[in-house]
Amino acid sequence: DTEVTQTPKHLVMGMTNKKSLKCEQHMGHRAMYWYKQKAKKPPELMFVYSYEKLSINESVPSRFSPECPNSSLLNLHLHALQPEDSALYLCASSQDIQRNYNEQFFGPGTRLTVL
Amino acid sequence: AQKITQTQPGMFVQEKEAVTLDCTYDTSDPSYGLFWYKQPSSGEMIFLIYQGSYDQQNATEGRYSLNFQKARKSANLVISASQLGDSAMYFCAMRGVNTNAGKSTFGDGTTLTVKP
(Lines give C-alpha, C1' and ligand atoms only; values in the text may rest on other atoms or scores of the structure.)
Protein backbone atom coordinates (compact mmCIF):
# COMPACT_ATOMS: atom_id res chain seq x y z
CA ASP A 1 0.00 0.00 0.00
CA THR A 2 1.75 3.16 -1.24
CA GLU A 3 -1.09 5.51 -0.57
CA VAL A 4 -1.64 8.50 1.64
CA THR A 5 -5.32 9.16 2.29
CA GLN A 6 -6.87 12.42 3.38
CA THR A 7 -10.36 13.23 4.57
CA PRO A 8 -12.44 15.13 3.85
CA LYS A 9 -11.79 15.99 0.20
CA HIS A 10 -13.62 19.29 0.52
CA LEU A 11 -14.46 21.36 3.57
CA VAL A 12 -16.41 24.58 3.92
CA MET A 13 -16.38 26.19 7.34
CA GLY A 14 -17.26 29.43 9.02
CA MET A 15 -14.79 31.50 10.97
CA THR A 16 -16.19 30.33 14.29
CA ASN A 17 -16.24 26.63 13.49
CA LYS A 18 -13.94 23.92 14.73
CA LYS A 19 -13.04 21.19 12.27
CA SER A 20 -10.28 18.63 11.74
CA LEU A 21 -8.42 17.29 8.73
CA LYS A 22 -7.26 13.70 8.82
CA CYS A 23 -4.35 12.00 7.09
CA GLU A 24 -3.40 8.33 7.15
CA GLN A 25 -0.59 6.21 5.73
CA HIS A 26 0.25 2.54 6.10
CA MET A 27 3.69 2.49 4.52
CA GLY A 28 5.56 2.39 7.83
CA HIS A 29 6.84 5.92 7.28
CA ARG A 30 8.08 7.74 10.38
CA ALA A 31 7.88 11.29 9.01
CA MET A 32 4.63 13.07 8.24
CA TYR A 33 4.05 16.57 6.95
CA TRP A 34 1.34 19.20 6.55
CA TYR A 35 1.55 21.67 3.66
CA LYS A 36 -0.67 24.58 2.66
CA GLN A 37 -0.94 25.38 -1.03
CA LYS A 38 -2.56 28.36 -2.70
CA ALA A 39 -3.60 28.16 -6.35
CA LYS A 40 -0.71 28.21 -8.84
CA LYS A 41 1.84 28.38 -6.01
CA PRO A 42 4.25 25.82 -4.54
CA PRO A 43 3.31 24.03 -1.32
CA GLU A 44 4.32 25.80 1.87
CA LEU A 45 5.51 23.62 4.73
CA MET A 46 3.51 23.99 7.93
CA PHE A 47 4.51 21.14 10.25
CA VAL A 48 6.77 18.09 10.29
CA TYR A 49 6.41 15.13 12.62
CA SER A 50 9.30 12.74 13.05
CA TYR A 51 8.67 9.55 15.01
CA GLU A 52 5.39 11.02 16.26
CA LYS A 53 7.06 14.10 17.71
CA LEU A 54 6.71 17.59 16.31
CA SER A 55 10.00 18.35 14.62
CA ILE A 56 9.26 21.51 12.66
CA ASN A 57 6.65 24.23 13.11
CA GLU A 58 7.08 26.89 10.45
CA SER A 59 5.68 29.66 12.65
CA VAL A 60 2.13 28.62 11.87
CA PRO A 61 -0.66 30.57 13.66
CA SER A 62 -2.09 28.79 16.69
CA ARG A 63 -5.49 28.48 15.01
CA PHE A 64 -3.87 25.47 13.30
CA SER A 65 -3.10 22.68 15.74
CA PRO A 66 -1.40 19.48 14.55
CA GLU A 67 -1.65 16.13 16.26
CA CYS A 68 0.05 12.80 15.60
CA PRO A 69 -1.81 10.15 17.64
CA ASN A 70 0.27 7.28 16.21
CA SER A 71 2.77 6.58 13.47
CA SER A 72 0.08 6.15 10.81
CA LEU A 73 -2.19 9.04 11.59
CA LEU A 74 -1.85 12.81 11.39
CA ASN A 75 -4.55 15.34 12.20
CA LEU A 76 -4.80 19.07 11.69
CA HIS A 77 -7.28 20.76 14.02
CA LEU A 78 -8.74 24.02 12.77
CA HIS A 79 -10.31 26.74 14.91
CA ALA A 80 -11.27 30.35 14.27
CA LEU A 81 -9.83 30.37 10.78
CA GLN A 82 -9.71 33.39 8.51
CA PRO A 83 -10.86 33.59 4.87
CA GLU A 84 -7.18 33.85 3.81
CA ASP A 85 -6.67 30.34 5.21
CA SER A 86 -8.71 28.97 2.30
CA ALA A 87 -6.33 26.72 0.37
CA LEU A 88 -5.48 23.14 -0.54
CA TYR A 89 -4.03 21.33 2.48
CA LEU A 90 -1.70 18.52 1.57
CA CYS A 91 -0.46 15.77 3.81
CA ALA A 92 2.71 13.85 2.95
CA SER A 93 4.84 11.11 4.42
CA SER A 94 8.38 9.82 3.94
CA GLN A 95 10.50 7.10 5.49
CA ASP A 96 12.19 9.59 7.77
CA ILE A 97 13.67 13.08 7.67
CA GLN A 98 17.32 12.13 8.01
CA ARG A 99 17.98 10.83 4.52
CA ASN A 100 17.76 13.20 1.59
CA TYR A 101 16.83 10.49 -0.88
CA ASN A 102 13.50 9.77 0.74
CA GLU A 103 10.79 11.01 -1.58
CA GLN A 104 7.59 12.31 -0.09
CA PHE A 105 4.32 10.60 -0.86
CA PHE A 106 1.46 13.07 -0.96
CA GLY A 107 -2.21 12.61 -0.32
CA PRO A 108 -4.90 14.02 -2.63
CA GLY A 109 -5.41 17.03 -0.37
CA THR A 110 -8.33 18.74 1.33
CA ARG A 111 -9.73 21.84 -0.39
CA LEU A 112 -10.68 24.16 2.45
CA THR A 113 -12.94 27.19 2.06
CA VAL A 114 -13.37 29.54 4.99
CA LEU A 115 -16.42 31.79 4.78
CA ALA B 1 19.71 28.51 2.70
CA GLN B 2 18.34 26.52 -0.20
CA LYS B 3 16.79 27.95 -3.32
CA ILE B 4 15.13 26.40 -6.36
CA THR B 5 14.51 28.42 -9.50
CA GLN B 6 12.14 27.38 -12.27
CA THR B 7 12.24 30.08 -14.92
CA GLN B 8 9.46 28.78 -17.18
CA PRO B 9 6.01 29.65 -15.80
CA GLY B 10 4.34 27.93 -18.75
CA MET B 11 5.41 25.56 -21.51
CA PHE B 12 3.66 24.09 -24.53
CA VAL B 13 4.62 20.88 -26.32
CA GLN B 14 3.10 18.93 -29.15
CA GLU B 15 1.89 15.43 -28.35
CA LYS B 16 4.59 12.76 -28.90
CA GLU B 17 7.41 15.30 -28.77
CA ALA B 18 10.00 15.67 -26.01
CA VAL B 19 10.10 18.63 -23.64
CA THR B 20 12.64 19.91 -21.12
CA LEU B 21 11.60 21.69 -17.93
CA ASP B 22 14.35 23.77 -16.37
CA CYS B 23 15.42 23.77 -12.74
CA THR B 24 18.42 25.42 -11.14
CA TYR B 25 19.28 25.25 -7.48
CA ASP B 26 21.51 26.74 -4.84
CA THR B 27 22.54 25.22 -1.54
CA SER B 28 25.43 25.15 0.90
CA ASP B 29 24.58 21.60 1.94
CA PRO B 30 27.22 19.15 0.60
CA SER B 31 24.65 16.35 0.44
CA TYR B 32 21.22 16.86 -1.05
CA GLY B 33 18.51 15.26 -3.11
CA LEU B 34 16.64 16.72 -6.05
CA PHE B 35 13.07 15.70 -6.85
CA TRP B 36 10.48 16.37 -9.50
CA TYR B 37 6.77 16.21 -8.75
CA LYS B 38 3.75 16.44 -11.04
CA GLN B 39 0.54 18.08 -9.89
CA PRO B 40 -2.51 17.64 -12.14
CA SER B 41 -5.51 19.90 -11.74
CA SER B 42 -6.97 17.36 -9.29
CA GLY B 43 -4.38 18.54 -6.76
CA GLU B 44 -2.41 15.45 -5.81
CA MET B 45 1.38 15.79 -5.94
CA ILE B 46 2.89 12.80 -7.72
CA PHE B 47 6.56 11.92 -7.26
CA LEU B 48 8.30 11.45 -10.63
CA ILE B 49 12.05 11.14 -10.22
CA TYR B 50 14.95 11.60 -7.80
CA GLN B 51 18.63 12.54 -8.24
CA GLY B 52 21.17 12.42 -5.43
CA SER B 53 23.98 14.93 -5.27
CA TYR B 54 26.58 12.15 -5.34
CA ASP B 55 24.97 10.11 -8.11
CA GLN B 56 27.29 9.77 -11.07
CA GLN B 57 24.59 8.89 -13.57
CA ASN B 58 21.48 10.80 -14.56
CA ALA B 59 18.27 9.33 -13.14
CA THR B 60 15.67 7.82 -15.45
CA GLU B 61 12.16 6.57 -14.76
CA GLY B 62 10.27 5.43 -17.83
CA ARG B 63 9.60 8.51 -19.99
CA TYR B 64 11.17 10.80 -17.40
CA SER B 65 14.87 11.55 -17.19
CA LEU B 66 16.78 14.07 -15.17
CA ASN B 67 19.61 15.99 -16.81
CA PHE B 68 21.84 16.64 -13.79
CA GLN B 69 24.71 19.07 -14.23
CA LYS B 70 26.23 19.55 -10.81
CA ALA B 71 28.77 22.20 -11.76
CA ARG B 72 26.00 24.31 -13.27
CA LYS B 73 23.65 23.48 -10.38
CA SER B 74 20.92 22.43 -12.75
CA ALA B 75 18.51 19.49 -12.66
CA ASN B 76 16.31 19.68 -15.72
CA LEU B 77 13.44 17.24 -16.27
CA VAL B 78 13.11 15.71 -19.71
CA ILE B 79 9.80 14.15 -20.68
CA SER B 80 9.98 12.05 -23.82
CA ALA B 81 7.04 11.24 -26.11
CA SER B 82 4.64 13.66 -24.40
CA GLN B 83 1.08 12.53 -23.78
CA LEU B 84 -2.07 14.56 -23.20
CA GLY B 85 -2.10 13.27 -19.62
CA ASP B 86 1.24 14.98 -19.00
CA SER B 87 -0.54 18.34 -18.92
CA ALA B 88 -0.02 19.48 -15.33
CA MET B 89 2.06 21.69 -13.07
CA TYR B 90 5.59 20.42 -12.42
CA PHE B 91 7.60 21.26 -9.34
CA CYS B 92 11.31 20.85 -8.81
CA ALA B 93 12.27 20.36 -5.14
CA MET B 94 15.35 19.86 -3.01
CA ARG B 95 16.02 18.24 0.34
CA GLY B 96 19.24 18.63 2.27
CA VAL B 97 20.35 16.64 5.27
CA ASN B 98 22.78 18.59 7.36
CA THR B 99 21.14 21.97 7.50
CA ASN B 100 17.52 21.42 6.59
CA ALA B 101 16.52 17.93 7.64
CA GLY B 102 12.82 17.43 7.04
CA LYS B 103 12.39 20.49 4.83
CA SER B 104 11.84 20.43 1.11
CA THR B 105 12.39 23.59 -0.88
CA PHE B 106 10.10 23.86 -3.90
CA GLY B 107 10.42 25.96 -7.03
CA ASP B 108 7.51 28.07 -8.26
CA GLY B 109 6.53 25.41 -10.77
CA THR B 110 6.07 25.14 -14.52
CA THR B 111 2.66 24.58 -16.09
CA LEU B 112 3.01 22.19 -19.00
CA THR B 113 0.32 21.99 -21.66
CA VAL B 114 0.44 19.16 -24.19
CA LYS B 115 -1.28 19.97 -27.48
CA PRO B 116 -2.96 17.25 -29.56
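Rules and cut-offs
- Residues numbered from 1 in each chain as written.
- Chains lettered and ligands numbered in written order.
- Predicted model: local features only at pLDDT ≥ 70, side-chain atom pairs only at ≥ 80, totals over all residues.
- Heavy atoms only, no water.
- Disulfide = S-S within 2.5 Å.
- Helix = DSSP H or I, 4+ residues; strand = E, 2+ residues; numbered from the N terminus.
- Buried < 20%, exposed > 50% of the residue type's maximum accessible area, 1.4 Å probe, protein only.
- Contact = heavy atoms within 4.5 Å.
- Salt bridge = Lys/Arg side-chain N within 4 Å of Asp/Glu carboxyl O.
- Polar contact = N/O pair within 3.5 Å; in protein donor to acceptor, adjacent residues only side chain to side chain.
- Nonpolar A, V, L, I, M, F, W, Y, C, P; charged D, E, K, R; others polar.
- Phe/Tyr/Trp six-rings, centres within 6.5 Å; stacked < 30°, edge-to-face > 60°.
- Lys NZ or Arg CZ within 6 Å of the ring centre and 35° of its normal.

Enquirer: Could you give me a rundown of the state of the cysteines, with the residues and numbers involved?
Expert: Under the counting rule described, the total for this entry stands at two disulfides over all chains. The partner cysteine of Cys23 of chain A in its disulfide is Cys91 of chain A, sulfur to sulfur 1.9 Å. Here Cys23 of chain A and Cys91 of chain A share a disulfide; its torsion about the S-S bond, -70°, makes the bridge left-handed. Taken together, the residues Cys23 of chain A in strand 3 (residues 18-25) and Cys91 of chain A in strand 9 (residues 87-94) connect sequence positions 68 residues apart. On the basis of relative accessible area, Cys23 of chain A is assigned to the buried category, the value being 0%. When its relative accessible area of 0% is taken as the criterion, Cys91 of chain A is described as buried. Disulfide partner of Cys23 of chain B: Cys92 of chain B, at an S-S distance of 2.0 Å. On the S-S bond that ties Cys23 of chain B to Cys92 of chain B, the torsion sits near -60°, and the link is left-handed. Here the residue Cys23 of chain B occupies a position in the loop between strand 3 (19-21) and strand 4 (24-26), and Cys92 of chain B occupies one in strand 10 (residues 88-96), the gap between them amounting to 69 residues. By the burial criterion, Cys23 of chain B is buried, and Cys92 of chain B matches it.

Enquirer: Can you tell me about the interface of chain B and chain A, naming the residues and giving the values?
Expert: Taken together, the contact between chain B and chain A spans 25 residues of the former and 27 residues of the latter. Where chain B touches chain A, the interface holds one salt bridge. Applying the counting criterion to the chain B and chain A interface returns seven residue pairs in polar contact (both at pLDDT 80 or more). At the level of secondary structure, the elements contributing two or more residues to the side of chain B that touches chain A comprise strand 5 (32-39), strand 6 (46-52), strand 10 and strand 11 (104-106) of chain B. Considering every element that reaches the side of chain B that touches chain A, the biggest residue donor is strand 5 of chain B, with five residues. Of the residues contributing to the side of chain B that touches chain A, the split by class is eleven nonpolar, ten polar and four charged.

Enquirer: Explain the packing of aromatic side chains to me, using residue names and the numbers behind them.
Expert: Under the criterion given, the structure shown has 13 aromatic pairs over all chains. Relative to Tyr37 of chain B, the ring of Phe35 of chain B lies with its centre 6.3 Å away and its plane at 25°, an arrangement referred to as stacked. Judged on exposure class, the residue Phe35 of chain B and its partner Tyr37 of chain B are both buried. Ring pairs connect the aromatic residues Tyr33, Tyr35 and Phe106 of chain A together with Phe35, Tyr37, Phe47, Tyr50, Phe91 and Phe106 of chain B, which therefore count as one cluster. Here the guanidinium or amino end of Arg63 of chain B rests over the ring plane of Tyr64 of chain B, the centre of that ring lying 5.7 Å away.

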